[in-house]
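Residues per chain are reported as follows:
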Amino acid sequence: MSDEIRLMTRLAVGGYLMYLAYKILSAQLGGGDTGMSDLAAWGSGCVLGLSGLAFCLWALKRTGGRRGEEDESAGEETP
């Protein structure tokens, strides 16, 4: 799989985790009957949101580092 496809897949997964966090928290704040206690909703929303954000940042950092290495090696090969 190419690096671009891996990056897009990882960003989609991280974005989906953040979307789930948003849906949980917005439903709880909206006063809807979610069947969850406030503590459970806030806890799961925060964990999902922060996990999704961390996963996206990790994916961007990992891909950015590889591109930097490829750019440096490509520059050395050309006379």
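Our subject is the structure listed above.
A.B. asks: Break down the packing of aromatic side chains for me, citing the residues and quoting the values.
C.D. replies: In total, this model carries two aromatic pairs according to the counting rule given. On the numbers, 5.7 Å between centres and 25° between planes, the contact of Phe55 with Trp58 is stacked. Highlighted residues: Phe55 and Trp58, both in helix H2 (residues 38-77), separated by three residues, approximately one helical turn. Residue Phe55 is classed as partly exposed on the basis of its relative accessible area of 28%. Classification of Trp58 by relative accessible area gives partly exposed; the value is 38%.

A.B. asks: Kindly report on the pattern of salt bridges, identifying the contributing residues and their values.
C.D. replies: Within the structure shown, the criterion is met by one salt bridge. The salt bridge involving Arg6 is made with Asp3; its shortest N-O contact spans 3.7 Å. Within this pair, Arg6 and its partner Asp3 are both found in helix H1 (residues 3-29), separated by three residues, close to a single helical turn. For Arg6, a relative accessible area of 32% translates into the label partly exposed.

A.B. asks: Tell me about the environment of Leu48, residues and numbers included.
C.D. replies: Tracing the backbone shows Leu48 in helix H2. For Leu48, a relative accessible area of 23% corresponds to the partly exposed category. A C-alpha to C-alpha distance of 7.1 Å links Leu48 and Leu20, two positions 28 residues apart in sequence. With sequence-adjacent residues up to four places away left out, Leu48 is seen in contact with Leu17, Met18, Leu20, Ala21 and Ile24.

Reading the values: the criteria
Residues numbered from 1 in each chain as written. Predicted model: local features only at pLDDT ≥ 70, side-chain atom pairs only at ≥ 80, totals over all residues. Heavy atoms only, no water. Phe/Tyr/Trp six-rings, centres within 6.5 Å; stacked < 30°, edge-to-face > 60°. Helix = DSSP H or I, 4+ residues; strand = E, 2+ residues; numbered from the N terminus. Buried < 20%, exposed > 50% of the residue type's maximum accessible area, 1.4 Å probe, protein only. Salt bridge = Lys/Arg side-chain N within 4 Å of Asp/Glu carboxyl O. Contact = heavy atoms within 4.5 Å.

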